[in-house]
Amino acid sequence: MVKNLVAVVLSALFCFGALEVGLRLYDQANGRSFFSSRTILPYRIFGHKVYDKAGGELRIRSRHGEIFPFDKPPGTVRIVTFGGSTSVNAAVYDEHGVHYSALLQERLNNRFPGKMFEVISVANQGYATPHSLTLLALDVLSWDPDIVIVSHNTNDLHASYFPDFVPDYSNKYAHPYYNQSWLRHTCLNVRICRTVQSRIEKNGLITYPIKRRSYGLEPADQVQRVFERNLESFAQLATSRGICVVMASQPMRILTEAEFDREMGIKSYNAEVVYPLHEEFVSHHARFNEIIASTATRLDVSYADNAEDFAGNPEYFLDQVHYSKPGVERLASNYEDVIASMIGTDPGSADCASTLAD
């Protein structure tokens, strides 16, 4: 009896191990690390590791695994992109192997054969302006970038729907969903567990009811001030070091209330979150885009109106805010045109910085 039980346990462990190795090999075949895992990162809580070492030499690791030298090569225009999941667009990357940072780099190098461009992404799912501020201050400034692109909206906005809003968003990011309890942290490091979890979420097998109340057609004044403050702090920190800034609005496909409930119903934090009425949420998102535009104008930095350009066209979206492959390509094209105008090649445009025009 005992021998049979041991045999069953050992067989189950062998199958589990074989499946885990197989899934990790699949990851490796698709450009991800065999030993990929998620750990709690200082100052950011979660996200990708932005450094890599080879032969004792520190290198920069972009969000999708591309490696760049820590010291910017001579004659290179270095661009760093910031944002949340709408800047990562993991689903399109997993299926098609494309993301807007790599497309932007390719397009700029083709458009300006006399220059060399690097585009490094530090975006991550779930990131909001505090994460970008932290990355800019503690990491990216040391990389000597020429241009930074920042696009945030929804993740900041959602912080105001978590209970007891505070300016550092700790009311949202202290939640176990982001802070990683022991069980969640363990699951995130086991590929089988992550695969099962993603299938459950994708198919809506477990849902969490949406709660709503009226907030009014605009976010609370304090919420708006904090978002504007963070954008302003980001831009001022960058421009104080001679770095050109591009602020970008976030496109959104306006869903019905039922569609919104299906998309957001998979979030386990819904037990604590109280969303606004559906038409209020749409209005709040639009108001945050207005804050981005007005802040860019007031600080005299470049602005990419992706929301206006996408115009809610379903072709560009996989869901409410994440982009399809045509959407990712359109995003790269938008930023290419903005950066071209900053370099001063378009008629009537002004140079952002003398280094870009050299």
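Note that the coordinates shown come from a computational prediction; the quantities given were computed from them, not determined experimentally.

### Quick word on helix H11 (residues 221–239)
For H11, which comprises 19 residues, the first-to-last C-alpha distance of 27 Å matches the rise-based estimate of 27 Å (1.5 Å per residue) to within 8%. In this fold, the buried residues of H11 make contact with strand E4 (76–83), helix H5 (129–138), strand E6 (147–151), helix H6 (154–159), strand E8 (244–248) and helix H13 (278–299).

### Side note on the packing of H11 against H13
Packing of H11 against H13 leaves a shortest axis separation of 10 Å and a crossing angle of 40°. Taken together, the axes of H11 and H13 are oblique relative to one another. Of the two possible hands of crossing, H11 and H13 adopt the one that is right-handed. From H11, Val223, Gln224, Phe227, Glu228, Leu231, Glu232, Ala235 and Gln236 reach across to H13, where they touch Arg287, Phe288, Ile291, Ile292, Thr295, Arg298 and Leu299. Partitioning the contact of H11 with H13 into residue classes produces eight nonpolar, three polar and four charged.

### A few points about empty space enclosed by the protein
A complete count under the given rule lists one cavity of 30 Å³ or more for this structure. The space that makes up the largest cavity amounts to roughly 40 Å³. Lining the largest cavity are Thr86, Ser87, Tyr100, Ser151, Ser249, Pro251, Asn306, Tyr323, Leu331 and Tyr335. When the residues that make up the lining of the largest cavity are grouped by side-chain class, the tally is five nonpolar, five polar and no charged.

### Observations regarding the sheet that holds strand E1 (residues 51–54)
Pairing is antiparallel across the open sheet formed by three strands, whose spatial order is E1-E2-E3. Edge positions in the open sheet fall to E1 and strand E3 (67–69), since each of these has one partner strand only. Across the sheet, the mean angle separating the axes of adjacent strands is 45° when strand polarity is ignored. One ladder, built from three bridges, connects strand E2 (residues 57–61) with E3; its direction is antiparallel. Across the sheet, the residue bridging to Ile60 is Phe68, located in E3.

### Section: the nonpolar core
Formed by 51 residues in total, the largest nonpolar core has its most connected members in Phe82, Val148 and Met247. Among the elements that make up this core, the one with the highest residue count is H11 (seven residues). Ignoring anything within four residues of it in the chain, the contact list for Met247 reads Val150, Leu231, Ala235, Ile292, Thr295, Ala296, Leu299, Val301, Ser302, Tyr303 and Ala304. Residues Leu108, Ile149, Ala248 and Val338 belong to the second largest nonpolar core, which totals 30 residues.

### Observations regarding the side chain of Asn306
Looking at where Asn306 falls in the secondary structure, it is placed in helix H14 (residues 306–310). Sequence-distant contacts of Asn306, defined by excluding residues within four places in its chain, comprise Ala248, Ser249, Pro251, Leu331, Asn334 and Tyr335.

### With respect to the pattern of salt bridges
Evaluation of the coordinates by the stated rule reveals 15 salt bridges. Here Asp144 and Lys72 are joined by a salt bridge, their closest N and O atoms 3.4 Å apart. With Asp144 in the loop between H5 and E6 and Lys72 in the loop between E3 and E4, the pair connects residues that are 72 residues apart, well separated along the chain. The exposure class of Asp144 is partly exposed, given its relative accessible area of 46%. Across the salt bridge formed by Arg287 and Glu290, the nearest N and O atoms sit 3.0 Å from each other. Within this pair, Arg287 and its partner Glu290 are both found in helix H13, separated by three residues, close to a single helical turn. Salt bridges sharing common partners tie together Arg107, Arg111, Glu336 and Asp337.

### Topic: the confidence of the model for the chain
Averaged over every residue, the pLDDT of the chain is 86; the share at 70 or more is 78%. When the criterion is pLDDT under 50, residues 345–351 qualifies, and its contacts beyond four places in sequence or with other chains add up to 14 contacts.

Scoring rules and cut-offs
Residues numbered from 1 in each chain as written. Predicted model: local features only at pLDDT ≥ 70, side-chain atom pairs only at ≥ 80, totals over all residues. Heavy atoms only, no water. Helix = DSSP H or I, 4+ residues; strand = E, 2+ residues; numbered from the N terminus. Expected span 1.5 Å × (residues − 1). Contact = heavy atoms within 4.5 Å. Axes fitted to C-alpha atoms, helices over the stretch in contact; angles between N-to-C directions. Parallel < 35°, antiparallel > 145°, perpendicular 65-115°, else oblique. Left-handed = near helix turned anticlockwise from the far one by under 90°. Nonpolar A, V, L, I, M, F, W, Y, C, P; charged D, E, K, R; others polar. 1 Å grid on protein atoms, 1.4 Å probe; cavity = no way out; pocket = protein on both sides within 12 Å on 5 of 7 lines; lining within 4 Å. Points joined across faces, edges and corners; volume = space filled by probe spheres on them. Pairing = 2+ DSSP bridges. Core = buried A, V, L, I, M, F, W, Y, C linked by side-chain atoms within 4.5 Å. Buried < 20%, exposed > 50% of the residue type's maximum accessible area, 1.4 Å probe, protein only. Salt bridge = Lys/Arg side-chain N within 4 Å of Asp/Glu carboxyl O. pLDDT = per-residue confidence, 0-100.

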